[in-house]
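# Descriptive structure summary
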Amino acid sequence: NIITSIEPGVQLFLENELKSIRDIWGSDGAGGVIIDPSTGEIVALAWNPTFDANSFGESDVSLFGNPIVEGVYEMGSIIKPLTMAAGLDTGTVTADSTYNDAGFLFLNNKRISNYDNRGRGVVNMQAVLNQSLNTGVAYVAMKMGNQKFAEYMKNFGIGTETGIDLPNEGRGLVDNLDSKRDIEIVTASYGQGIAMSPIVIVRALSALANHGMLVT
């Protein structure tokens, strides 16, 4: 017998949401995972566009893959909570720590900036997450140090496989975490220059709701 962790009502909800998102934004694809962060059970997992399992032979074979597990992407700003968690756990920052956000900074002759190129002045760490400030997580990563930051990211499972019981799990591309240049570490702090599968980031983020423990 096979007993799945999928909840049909939640799965249907997720599938309908993904279709709606694609209809609104015209994206090539949309995916989602709903996980129990304390057990690792996948409650719902879906990708749109998909195929009809009742008409398998009539479906486009390009839709048979599972980008949630097989695909590898730069995840962008959803990495920021991991960076902030690492900063808090190491004592590098506290919730009340502040920095002066000029809106941009230069590293290794490269300019990085917030998504809107605007500075906010003196802000605390909560504002960094609320406003998704690239310069804020860059501040945390630089203060933490390249080696410690990379160690934490790897401990979150970035760059490894989760072992989920689905085929062809993609392996992350995280060589930039071993770079000696500050720019690679800083861009990684907000999810650029490193790539991973969606299921890897879902597991990593689950650790924030699970007392720092990675689930299987």
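Now for a look at the structure at hand. (Residues numbered from 1 in each chain as written. Predicted model: local features only at pLDDT ≥ 70, side-chain atom pairs only at ≥ 80, totals over all residues. Heavy atoms only, no water.)

## A word on the nonpolar core
In terms of nonpolar packing, the biggest core is built from 40 residues, with Leu82, Phe149, Phe156, Ile158, Leu177 and Met196 touching the most fellow members. Here the element with the most residues in this core is helix H5 (residues 134–144); it accounts for five residues. The residues touching Leu82, leaving out its near neighbours within four places in the chain, are Met153, Phe156, Ile158, Ile201, Ala204, Leu205 and Leu208. (Core = buried A, V, L, I, M, F, W, Y, C linked by side-chain atoms within 4.5 Å. Buried < 20%, exposed > 50% of the residue type's maximum accessible area, 1.4 Å probe, protein only. Helix = DSSP H or I, 4+ residues; strand = E, 2+ residues; numbered from the N terminus. Contact = heavy atoms within 4.5 Å.)

## Regarding a nonpolar patch on the surface
A cluster of nonpolar side chains, contributed by Ile21, Ile24 and Trp25, occupies part of the molecular surface with about 380 Å² of accessible area. Looking at the secondary structure, you find Trp25 in helix H1 (residues 8–25). (Patch = residues over 30% accessible without salt bridge, like charges linked within 9 Å, V, L, I, M, F, W, Y side chains within 5 Å. Areas by Shrake-Rupley, 256 points an atom, 1.4 Å probe, with all protein chains shown as cover. Salt bridge = Lys/Arg side-chain N within 4 Å of Asp/Glu carboxyl O.)

## Things to note about the packing of aromatic side chains
Any pair of aromatic rings gets described here by the distance separating the centres and the angle formed by the planes. With the rule as written, the count across this model stands at five aromatic pairs. On the numbers, 4.9 Å between centres and 70° between planes, the contact of Phe51 with Phe64 is edge-to-face. One end of the pair, Phe51, is in the loop between strand S2 (42–48) and helix H2 (67–70); the other, Phe64, is in the loop between S2 and H2, and 13 residues separate them in sequence. Accessibility expressed as a relative area gives 26% for Phe51, which makes it partly exposed. Geometrically, the ring pair formed by Phe104 and Phe106 is edge-to-face, given 5.9 Å between the ring centres and 80° between the ring planes. The class for Phe104 is partly exposed, based on a relative accessible area of 34%. On the basis of relative accessibility, which here comes to 55%, the residue Phe106 falls in the exposed class. Through successive ring pairs, a cluster of aromatic residues spans Phe51, Phe56 and Phe64. If you follow Arg111 out to its NZ or CZ, it ends over the ring of Phe104, 4.4 Å from the centre. (Phe/Tyr/Trp six-rings, centres within 6.5 Å; stacked < 30°, edge-to-face > 60°. Lys NZ or Arg CZ within 6 Å of the ring centre and 35° of its normal.)

## Comments concerning the pattern of salt bridges
Following the criterion strictly, the structure yields six salt bridges and no others. Close ionic contact of Arg181 with Glu184 constitutes a salt bridge, the shortest N to O distance being 3.0 Å. With a relative accessible area of 38%, Arg181 lands in the partly exposed category. Given the relative accessible area of 16%, Glu184 is considered buried. Ionic contacts of the salt-bridge type, sharing partners, join the residues Asp116, Arg118 and Arg120 into one network.

Honestly, it's all geometry; don't read function into it.
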